[in-house]
Each structure stands twice: as C-alpha cells, then as structure tokens.
Amino acid sequence: MGERPTVLVIGAGIGGLTAALAVARAGFDIVICERAAELSELGAGIQVSPNAGRVLAELGLDEAIEAAAIEPQAIDVMSGVSGSRITSLPVGAFRSRYGFPYRVIHRADLQSILAAAVRKASDITLLLGTTVEAVLAREGDSFVRLKGPRGEMVQAAAVIGADGVWSSTREQIPGAPGPAPTGRTAWRTVIPRDNVPDGVPANRVGLWLGPHAHLVHYPIAGGAAVNVVAIVEETWDKPGWNARGDYRRIAERFNHWPSEVKAILAAPQGWQKWALTAVDPAGSWVSGNTALLGDAAHAMVPFLAQGAAMAIEDAAVLADSLRASPSDVPAALAAYEAARKPRVAKVWNAAKKTGEHYHMDGTLARLRDVALGLLGPRLVLAQNDWIYRWRPDDHGD
Ligand SMILES: Cc1cc2nc3c(=O)[nH]c(=O)nc-3n(C[C@H](O)[C@H](O)[C@H](O)COP(=O)(O)OP(=O)(O)OC[C@H]3O[C@@H](n4cnc5c(N)ncnc54)[C@H](O)[C@@H]3O)c2cc1C
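Everything quoted here is computed from the prediction, not taken from an experiment.

Analysis parameters
Throughout, residues of each chain are indexed from 1 in the direction in which the sequence is written. Residues qualify for local features only when their pLDDT is at least 70, as the model is predicted, and side-chain atom pairs are given and counted only at 80 or more; totals for whole chains, interfaces and linings, by contrast, use all residues. The side-chain quantities take in all heavy atoms of the structure and omit both hydrogens and water. The helix count covers DSSP runs of H or I at least four residues long, the strand count covers runs of E at least two residues long, and both are numbered beginning at the N terminus. Each residue is assigned to one of three classes by its accessible area relative to the maximum for its type, calculated with a 1.4 Å probe on protein chains only: buried under 20%, partly exposed between the two thresholds, exposed over 50%. Contact between two residues is taken to exist if any of their heavy atoms lie within 4.5 Å; hydrogens are not considered. Each accessible area value is a Shrake-Rupley result obtained with a 1.4 Å probe; residue values ignore everything except the protein chains displayed when judging cover. All tallies of charge rest on Lys and Arg as positive and Asp and Glu as negative; His and the ends of each chain are not included. By convention, the point assigned to a charge is CZ for Arg, NZ for Lys, CD for Glu and CG for Asp. As used in this record, nonpolar core signifies buried Ala, Val, Leu, Ile, Met, Phe, Trp, Tyr and Cys residues forming a set joined through side-chain atoms within 4.5 Å. It suffices for a single heavy atom of a residue to lie within 4 Å of a molecule or strand for the residue to be listed as near it. Polar contact criterion, stated in full: a pair of N or O atoms within 3.5 Å, where within protein one must be able to donate a hydrogen and the other to accept it, and residues adjacent in sequence count only if both atoms are side-chain atoms. Ten residue types, Ala, Val, Leu, Ile, Met, Phe, Trp, Tyr, Cys and Pro, are classed as nonpolar, four, Asp, Glu, Lys and Arg, as charged, and the remainder, Gly among them, as polar. Stacked, tilted and edge-to-face are the three classes assigned to paired rings of Phe, Tyr and Trp, where Trp is represented by its six-membered ring and a pair needs centres within 6.5 Å; plane angles under 30 degrees give stacked, over 60 edge-to-face, the rest tilted. Any Lys NZ or Arg CZ that is within 6 Å of a ring centre and within 35 degrees of that ring's normal is treated as a charge sitting over the ring. To obtain an axis, a line is fitted to C-alpha atoms, over the contacting stretch when the element is a helix, and the angle between two such axes runs from 0 to 180 degrees between their N-to-C directions. For classification purposes, an angle smaller than 35 degrees is called roughly parallel, one larger than 145 roughly antiparallel, one from 65 to 115 roughly perpendicular, and anything else oblique. In this scheme the crossing of two helices becomes right-handed for a clockwise turn of the near helix relative to the far one and left-handed for an anticlockwise turn of less than a right angle. Here, a salt bridge means any Lys or Arg side-chain nitrogen found within 4 Å of an Asp or Glu carboxyl oxygen. Here a cavity denotes grid points, spaced 1 Å and computed from the protein atoms alone, that fit a 1.4 Å probe unable to get out, and a pocket denotes an open set having protein on both sides within 12 Å along at least 5 of 7 lines; residues with an atom within 4 Å of a point are the lining. Grid points are joined across faces, edges and corners, and a volume is the space filled by probe spheres set on the points.

**Student:** Tell me about the overall build of the protein chain, residues and numbers included.
**Tutor:** Secondary structure assignment for the protein chain yields 13 helices and 19 strands. For the protein chain, the spread of C-alpha atoms along the three principal axes comes to 65 × 40 × 40 Å. Looking at the protein chain as a whole, 55% of its 397 residues are labelled buried. Contacts spanning at least 24 positions in sequence make up 72% of the contacts within the protein chain whose residues lie at least 6 apart. Accessible surface, the protein chain as shown: approximately 16,500 Å² in total, 51% of it carbon and sulfur. The centroid of the 39 positive side-chain charges in the protein chain is displaced by 5 Å from the centroid of its 41 negative side-chain charges.

**Student:** So what about the nonpolar core? Which residues, and what values?
**Tutor:** The biggest cluster of nonpolar side chains holds 67 residues, and the ones touching the most others in it are Ile30, Ile32, Leu61, Ile105, Leu110 and Ile124. With 9 residues, the single largest contributor to this core is helix H9 (residues 307–324). The residues contacting Ile30, other than those within four sequence positions of it, are Val7, Val9, Ala20, Val23, Ala24, Asp123, Ile124 and Thr125. Core analysis: the next-biggest nonpolar cluster, separate from the first, contains 32 residues, Val91, Val104, Val216 and Leu381 among them.

**Student:** Describe the environment of Gly355, with residues and values.
**Tutor:** The topology assignment puts Gly355 in helix H10 (residues 329–358). For Gly355, a relative accessible area of 0% puts it in the buried group. Spatially, the C-alpha atoms of Gly355 and Pro392 are 27 Å apart, while their sequence positions differ by 37 residues. The contact partners of Gly355, leaving out residues within four places of it in the chain, are Arg184 and Phe303.

**Student:** Please provide a residue-by-residue account of the site of the ligand, values included.
**Tutor:** Neighbouring residues of the ligand: 32 residues in total, closest Gly15, Glu34, Gln47, Arg107 and Asp295. Taking Gly15, its main chain carries an N or O atom lying 2.8 Å from an oxygen atom of the ligand. Within the complex, 90% of the 1,000 Å² of free accessible area of the ligand lies under protein. Breaking the shell around the ligand down by element, the ones donating at least two residues are helix H1 (14–25), strand S3 (45–48), strand S8 (131–138), strand S12 (180–192), strand S17 (271–278) and H9. Along the lines of polarity and charge, the residues of the shell around the ligand split into 14 nonpolar, 12 polar and 6 charged.

**Student:** How would you sum up the packing of aromatic side chains? Please name residues and give values.
**Tutor:** As enumerated under the stated definition, the model contains 7 aromatic pairs in all. Consider the rings of Phe94 and Tyr102, whose centres lie 5.8 Å apart with planes at 70 degrees: the pair is edge-to-face. Summarising the burial analysis for this pair, Phe94 and Tyr102 share the class buried. An aromatic cluster is present here, built from Phe94, Tyr98, Tyr102 and Tyr388 joined pairwise through their rings. In this structure, Lys346 is placed above the aromatic ring of Trp386, and the distance from its NZ or CZ to the ring centre is 4.5 Å.

**Student:** Tell me about the packing of H1 against H9, residues and numbers included.
**Tutor:** Taken N-terminus to C-terminus, the directions of H1 and H9 make an angle of 25 degrees; their axes are 8 Å apart at the nearest point. Looking at the two axes, H1 sits roughly parallel to H9. Crossing hand, H1 versus H9: right-handed. Residues Ile14, Gly15, Thr18, Ala19, Ala22, Val23 and Arg25 of H1 pack against Ala308, Ala311, Ile312, Ala315, Leu318, Ala319, Leu322 and Arg323 of H9. Here the residues of the contact of H1 with H9 sort into 11 nonpolar, 2 polar and 2 charged.

**Student:** Can you explain the packing of H1 against helix H5 (residues 107–120)? Please cite residues and give values.
**Tutor:** Remark: H1 packs on H5, axes separated minimally by 10 Å, with the N-to-C direction vectors making an angle of 30 degrees. For the element pair H1 / H5, the angle class is roughly parallel. H1 and H5 meet at a crossing whose hand is left-handed. Seen from H1, the contacting residues are Ile14, Leu17, Thr18 and Leu21; seen from H5, they are Leu110, Gln111, Leu114, Ala115, Ala117 and Val118. Looking at side-chain class alone, the contact of H1 with H5 contains 8 nonpolar, 2 polar and no charged residues.

**Student:** Describe in detail the pattern of salt bridges, supporting the description with residues and values.
**Tutor:** Applying the stated criterion to the full structure yields 21 salt bridges. Taking the shortest distance from any N to any O, the salt bridge between Arg340 and Asp314 comes out at 2.6 Å. Placement of the pair is Arg340 in helix H10 and Asp314 in helix H9, with a sequence separation of 26 residues. For Asp314, a relative accessible area of 0% gives the class buried. Each of Asp62, Glu66, Glu71, Arg95 and Arg103 takes part in salt bridges that share partners, so that together they form one network.

**Student:** Lay out empty space enclosed by the protein in plain terms, naming residues and giving numbers.
**Tutor:** Going through the model one piece at a time under the given rule, you end up with 1 cavity of 30 Å³ or more. Its boundaries defined by the atoms lining it, the largest cavity holds a volume of some 40 Å³. Along the walls of the largest cavity sit Pro90, Ala93, Phe94, Arg97, Arg378 and Leu381, which together make up its complete lining. For the lining of the largest cavity, the elements supplying multiple residues, two or more each, are helix H4 (94–98) and helix H12 (377–382). Across the lining of the largest cavity, the residue classes break down as 4 nonpolar, no polar and 2 charged.

Printed below as a string of structure tokens:
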C-alpha cells in the first residue's frame, strides 16, 4: 500500500460516484468497481433537493449541474379525482430559502457529470465491467478479489458497498437487513417534448394524487423531454430496474382519472416498471472496515424524492469521518453509521408516511385536500425544512 490508503467502492451509481469524489478529497486513493460494462443510468429523471445540491456543490459540480438541470417554479398538487388544483408549492423560492435550488435533471446527465469528475481525478480508478467476487479481511485490511477485464486483487483499507438495493456487500455485515417489497410498483417513461400533450407546463412539476396511486411529471433534458412516474399499488415484485411495462395495464389503472392524466399516459412511448423495494435503515451498515452506503443500506420509497439525496449525504459524512480518523478505519466507519442513522431513519419514515397520504381514498383523501388548502403552500413546504436545511457539518437532522 502506498502513502495514501486505498478505499474500494463497489458500485458506480449516484452513491458510489459521489462517495469516491468525497472520500478522495479526504486523502484516500479510490478504486471503484462497477459490474456494468458502461455507465448508463436509467432513461428517467431525478429531483435534486437543496440538501443534495449543497454536497454536490462542495465537490465543485454546481456549475455543471446548473447547466444540465431545470429549476421548476412550482409543484402543482392536483386531485386525481376531480382534476382541480389542491395547492401549488413555490419551490422556485428554494434558492433564497435554503441557499440551494430545487432542481430536476436527467439521471444520465447527473451520472455523466459525476463520472466526468471521477475520470478527471488522478486519485480515483474506475473499473467498469468488474464485479466483486470475494472480500477477505486480514490484519485490518481487506483483500478484494475482482472479476473483470483486469481481474485482480485489490488491497483496501476500507470497502464501501454502494451496490444498490440488491447489494451483495451486505452479506459481509452481520445484522444487515435484506430488501423487502413495499407492495408498490413505479412505472416510468420519458416523453419527447414534441409528443407532450398541450397544457403540460414546461417549468412546473405536476403531482396528481388519487386513490391507491399517484403520478408525477416534470421537465428534464433542458426542457426537451418530460419525465413521468406513476406509482401504483400492486404485488408484482421481480427484482431489477428495467422490466417492460405494458401500456394497456397502466392505462386501465388510470381509466377513471382526469383527462389530463390520461392524455399524458397515452403519449406514445415505452414504459419501464419496477417493484419498489425498501431496506430498513435500522439494521447494521458497518462491520469492521466494510460499510454500506445509499440504497444498499437504506433504500426507501421515493415519495419525498430523497433516496439518492441520502446517498449523496452519506458520501459527505463518510468522507468527514474518514478524514477525522484516517488510521482507524473501523472507528471512522462506526462514526459514519452513528452520524447517519437517525437522520436517514427519520427521512425513511417520513417518505413512507408521505406515500400513505398520497394514496388516501374517500373521506380521508378529501380531508387531506382540505388540510393542504388550509395550511397554505408556505406552511406545507416549511414542514420539510428539516430535510432541505441539512448541511454536511450538521451530521444530525
Ligand atoms: C421511481 C423512483 C424515483 C426516484 N426519484 C428520486 C428523486 O427524485 N430523488 C432522489 O434523491 N432519489 C430518487 N429515487 C431514489 C434513487 O433512485 C436511489 O436512491 C439511488 O439511485 C440509489 O443510488 P445508489 O448509488 O445507492 O444505488 P444504485 O443506483 O442502485 O447503484 C448501484 C450500482 O452498483 C452496481 N453493482 C451492484 N452489485 C455490484 C457488484 N457486486 N460489483 C460491482 N458493481 C455492482 C450496480 O450495477 C449499480 O451501478 C427514486 C427511486 C425510484 C425507484
């Protein structure tokens, strides 16, 4: 091992790439191994909230993200029953309220920005088409056997499993919980701007709430496309990220919804669907010099759009913990887990509760809509101040 200890990051998703950038700045050499032969995020959008944007800005990525992202003015919360507007949340005010904006971006654009920064960093090696075969711990270090074009053994002071909801690094950690189905599926598509039905605004997010389902749409790719996600309650739970969804099934499911929603669903496009799977954050994330990060540790339902944001926050705290205790990696990783758990658990539970509110039916749904109207947009947004105000040096919530 050279002067700088090596950290092996398993997985080059948003969590792994951000962790590599942050931990390299803390004085470590990084090897990232990604089993996919090339980096290709899903053809879908992602919301980047101020707490995540703040971490990415500290990594020097704000300008690139600003150029690729859209800053919507508002989230229009709509009734999937009556078609009327329940409230409109002025997220355009996030920049002045939290110091960082609320943005929406194509996942592939965010991944490219992170990957470009990784490729530029001389202390980070990205190995694509490379799967971790075994992790053997000995005398404080891990010896990780890789299977890939450069099949080799890497000696690492720390191993970070950023390998997603189906993580196999988890097997190294006694007490780490496995993935559990949530009884919901997400259907996604991207509509090229020319096919977007009239009336869908170019710089606003639409959030439609109905019985046992909801639908979100927002502009991505500089306004050249609209990202659509429909979440429905169903028990299908095949693992994986890109099963084809049959348009007839989703059209049937939203048959009684307002005409605007049906028009969005009918715009010609292919659908992908996947089962929403959660990982309880209460389990163990760390054992010795191995730690989990992002979805591997705490995959959550996407109703607060915080899954990737939590992975990005994890990366910042992990880097701070390793910087503070570079020669005692197990202590640094234990500090990371202790610092992150309460906040992630709070966000995880809040996301779950938000899903229950979104999918209410009958009288409960009408009461929800009245309450949202009475509270008013500013108070509704203020309920999430604790999520968006977070700074890397907070470590708590
Ligand atoms: C419908 C939906 C909408 C969402 N919207 C938002 C949003 O708006 N905002 C937000 O913040 N979050 C959102 N999320 C959550 C977000 O997508 C995830 O939390 C985030 O992508 C997790 O990133 P990750 O890096 O932890 O894992 P992943 O993105 O799953 O990356 C894991 C990587 O590890 C690799 N890998 C796995 N095993 C191995 C191995 N053995 N060896 C090598 N490589 C391996 C995989 O190939 C993959 O590239 C949403 C989620 C869903 C389902």
